[in-house]
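What the coordinates show
Take a look at the letters that make up each chain.
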Amino acid sequence: MRPNLLILGGTTEATALAHAVADRSIDATLSFAGRVERVKRQPVPIRIGGFGGAKGLTDWLRENRITHVVDATHPFAAQMSRNAVAACAEADVPLIALTRPPWRPEPGDSWQTVPDIPAAVAALAGQPRRVMLAVGRMHLEAFAAQPQHFYLLRLVDPPASPPPLPRHHVLVSRGPFTVAEDTGLMQAHAIDLVVSKNAGGTGARAKIDAARSLGLPVLMIDRPALPARREVGTPEAVLDWLAHSGADLGV
Ligand code: NAP
């Protein structure tokens, strides 16, 4: 069977997989939610926008004769990942997740771990602080409940409307970032607390290493729970899975 993949993307891992499949002339479509203004050039055809829930995705898989789905979305894109599990079960299409292990605290780290964004907001009650808030544009509104802090915001695109935080500074940058850059940034803005999602991987890790080097505490937001699914950590492992699931990779 000649494979025809759907890669659910929006991450560096998804782009790495797209290169790996393109190098082997495997048919694939890479899907983006459409959250960022400019999608980087990709080596396989792309589609942009939601599918219309699990039902919409089920229909899309059937209409496009998809043989395998790789969920390479960000670990916090929980709705998309849940929909992928449901739709693949319904359409009887094999699913694998290409994901990264969560970060674990190392010696010298000072983390307070919270289960989700509302818990992070609650944990910020108290005296004004200077906070590097690295949670993405979608969640900024929740932090308006703690307006006493200065927030350093790093966003992929310039915000369409001013963030709802009275004291903030916006940096527009896509990353990946280096520890030296992030250390300098934290010093320049006199940051005394970093708020981060436990994204895992290397692209967003610099701020965690920078916080450790400066002795700064981190408020670390745990990943959302997801339904059970097969998971691997590298594009090569996805290709192995494809080969072992009866796909003809032409090699
Ligand atoms: P989400 O809350 O799980 O998804 C909400 C809805 O957006 C989904 O139900 C789906 O709409 C649509 N969607 C999400 N990812 C999609 C994809 N790859 N292709 C097509 N539709 C998609 O997701 P999110 O947290 O907003 O993340 C959106 C995108 O940004 C994902 O591609 C993710 O990999 C990327 N991203 C997220 C984060 C993060 O921190 N959450 C960080 C970096 C990158 P329908 O129900 O209509 O299909």
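Just above, that's the structure.
Computed from a predicted model, the values in this text were never measured in an experiment.

1. What to know about the sheet that holds strand S2 (residues 27-32)
Backbone hydrogen bonds are what pair the strands of a sheet, in a parallel or an antiparallel way. In spatial order, the strands read S3-S2-S1-S4-S5-S12; together these six strands make up an open sheet with parallel pairing. Of all strands in the sheet, those bounded by a partner on one side alone are strand S3 (46-48) and strand S12 (231-232). One ladder, built from five bridges, connects strand S1 (residues 4-8) with S2; its direction is parallel. Looking at the pairing, Ile7 lines up with Leu30 of S2.

2. Points about empty space enclosed by the protein
Across all of its chains, the model carries one cavity of 30 Å³ or more by this definition. Its volume calculated, the largest cavity comes out at about 40 Å³. In terms of lining, the largest cavity is formed by Asp71, Thr73, His74, Pro75, Ser81, Ala97, Leu98, Thr99, Leu226 and Arg229. Here the residues of the lining of the largest cavity sort into four nonpolar, four polar and two charged.

3. Notes on the layout of surface pockets
Over the atoms a probe the size of a water molecule is rolled, and this reveals where empty space is left. Roughly 150 Å³ of volume is contained in the second largest pocket. Around the second largest pocket, the lining residues are Arg137, Met138, Leu140, Glu141, Leu155, Pro159, Ala160, Ser161, Pro162, Pro163 and Pro164. Taken together, the residues that form the lining of the second largest pocket break down as eight nonpolar, one polar and two charged.

4. Here's the deal with the pattern of salt bridges
What the rule picks out here adds up to 12 salt bridges. Of the charged contacts in the structure, one is a salt bridge between Arg212 and Asp109, with a shortest N-O distance of 3.0 Å. Of this pair, Arg212 sits in helix H6 (residues 206-214) while Asp109 sits in the loop between strand S5 (95-98) and strand S6 (111-114), and the two are 103 residues apart along the sequence. One connected set of salt bridges, linked through shared partners, spans Glu106, Asp109, Arg205, Asp209 and Arg212.

5. Looking at the side chain of Thr73
With respect to the helices, strands and loops of the structure, Thr73 is situated in the loop between strand S4 (68-71) and helix H3 (78-91). Among the polar contacts made by the side chain of Thr73, one reaches the side chain of Asp71 at a distance of 2.6 Å. Excluding residues within four positions of it along the chain, Thr73 makes contact with Leu8, Gly9, Thr11, Met80 and Ser81.

6. Describing the site of the ligand
In the region of the ligand, 22 residues are neighbours, and Gly9, Ser31, Phe51, Met80 and Lys197 sit closest. With respect to the ligand, the backbone of Ala78 contributes an N or O atom lying 3.3 Å from an oxygen atom. A distance of 2.9 Å separates an oxygen atom of the ligand from a polar backbone atom of Gln79. Secondary structure elements with two or more residues in the shell around the ligand: S2 and H3. Per-element accounting of the shell around the ligand gives the leading share, four residues, to H3.

Rules used in this analysis
- Residues numbered from 1 in each chain as written.
- Predicted model: local features only at pLDDT ≥ 70, side-chain atom pairs only at ≥ 80, totals over all residues.
- Heavy atoms only, no water.
- Pairing = 2+ DSSP bridges.
- Helix = DSSP H or I, 4+ residues; strand = E, 2+ residues; numbered from the N terminus.
- 1 Å grid on protein atoms, 1.4 Å probe; cavity = no way out; pocket = protein on both sides within 12 Å on 5 of 7 lines; lining within 4 Å.
- Points joined across faces, edges and corners; volume = space filled by probe spheres on them.
- Nonpolar A, V, L, I, M, F, W, Y, C, P; charged D, E, K, R; others polar.
- Salt bridge = Lys/Arg side-chain N within 4 Å of Asp/Glu carboxyl O.
- Polar contact = N/O pair within 3.5 Å; in protein donor to acceptor, adjacent residues only side chain to side chain.
- Contact = heavy atoms within 4.5 Å.
- Near = heavy atom within 4 Å.

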